[in-house]
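An overview of the molecular structure
So the chains spell out like this:
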Amino acid sequence: AYYALFAVYQYHGLNMLCLVFAPILFLDAVLTLAVAVALKWIILGKCREGSWPVFGWFYWKWWFIHQIEHFASENVAKFVADTVLFNWYLCLMGARVGEGTRLNMVKISNADLVTIGSNVCVEREATICPSRLRMGQLHLQRISICTGAHVGHRAHVP
């Protein structure tokens, strides 16, 4: 894709590059998020609460999907953050997101264990993480954020 952008710049100039680059960047972000959603459901499926041994089969699947979620949220989701598309992405990952919820560059892992009520505001770089590694065990617990709540900048919701 980047060679194509260079070719557009070489033959048509900077103005055409600017017109072409924005849709390509948007399509790249949407495609990457779609691949992340597909891999999550194919490899891991729906997460449920509980404890699993570290380095067991479930842990490796969880770790792989966790890395994909981290990549998507750090590199791709920033283009759709604070929009309805980010809420849809989280819903496709399994989260329950209420109406009127504003999520601004939120780091969410294990989205199917997260419930966010209506009219919630989660500020930039907040982390919502239902997983813990303790004493050789991976612990997954459900997180619920009530209707009308406000989660501040860089807050960590365990």
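Structure's up top.
Here we summarise the structure given alongside this text. Not measured: the values here are computed from a predicted model. (Residues numbered from 1 in each chain as written. Predicted model: local features only at pLDDT ≥ 70, side-chain atom pairs only at ≥ 80, totals over all residues. Heavy atoms only, no water.)

With respect to the environment of I42
Here is the rule we go by: Put simply, DSSP marks the helices as runs of H or I at least four residues long and the strands as runs of E at least two long, and each gets a number from the N terminus on. Each residue gets one of three labels from its accessible area relative to the maximum for its type: buried under 20%, exposed over 50%, partly exposed in between, using a 1.4 Å probe on protein chains only.
Secondary-structure assignment places I42 in helix α2 (residues 14–44). Taking relative accessible area as the criterion, I42 reaches 67% and is therefore assigned exposed. Taking the C-alpha atoms as reference points, I42 and P53, separated by 11 residues in sequence, lie 21 Å from one another.

Some remarks on helix α3 (residues 57–76)
Note the cut-off: Helices are assigned an expected span. That span is 1.5 Å times one less than the residue count.
Its 20 residues place the ends of α3 28 Å apart at the C-alpha level, agreeing with the 28 Å of an ideal helix rising 1.5 Å per residue. Within α3, the full set of buried residues consists of F58, Y59, W62, I65, I68, E69, A72, S73 and V76.

Considerations on the pairing of strand β8 (residues 131–134)
Here is the key point about a regular strand: its side chains alternate between the two faces of the sheet. This is how it is decided: When DSSP finds two or more bridges between two strands, those strands count as paired.
By the bridge criterion, four bridges tie β8 to strand β9 (residues 137–140) in an arrangement that is antiparallel. Bridge pairing in β9 links S131 to L140. Counting the residues between successive antiparallel strands, the hairpin from β8 to β9 contains two residues, one of them, M135, with a positive phi of roughly 50 degrees.

Re unusual backbone geometry
Phi angles above zero are rare outside glycine, and D82 is one such case at about 65 degrees. Looking at the element boundaries, D82 is found in the loop between α3 and α4 (84–92). On the accessibility criterion, D82 (34% relative accessible area) is partly exposed. A positive phi angle is found at M135, which is not glycine, with a value near 50 degrees.

Quick look at empty space enclosed by the protein
Under the convention used in this document: Throughout, the protein atoms alone are placed on a 1 Å grid, and a set of points is a cavity if a 1.4 Å probe fits but cannot get out or a pocket if it is open with protein on both sides within 12 Å along at least five of seven lines; lining residues have an atom within 4 Å of a point. Grid points are joined across faces, edges and corners, and a volume is the space filled by probe spheres set on the points. As a working rule, the residues Ala, Val, Leu, Ile, Met, Phe, Trp, Tyr, Cys and Pro are called nonpolar, Asp, Glu, Lys and Arg charged, and the rest polar, with Gly in that last group.
Counting across every chain of the model gives two cavities of 30 Å³ or more. Each pocket or cavity is described by its volume, and for the largest cavity that value is around 70 Å³. Around the largest cavity sit E69, S73, F86, Y89, L90, M93, V106, I108 and A111, which together line it. Broken down by secondary-structure element, the contributors of at least two residues to the lining of the largest cavity are α3 and α4. Here the lining of the largest cavity gets three residues from one element, more than from any other, and that element is α4. Each residue belonging to the lining of the largest cavity can be placed in one class, and the counts come to seven nonpolar, one polar and one charged. Its boundaries defined by the atoms lining it, the second largest cavity holds a volume of some 40 Å³. Lining the second largest cavity are K40, L44, C47, W62, I65, H66, E69, N110, A111 and D112. The element that contributes the greatest number of residues to the lining of the second largest cavity is α3, accounting for four residues. Grouping the amino acids of the lining of the second largest cavity by side-chain chemistry returns five nonpolar, two polar and three charged.

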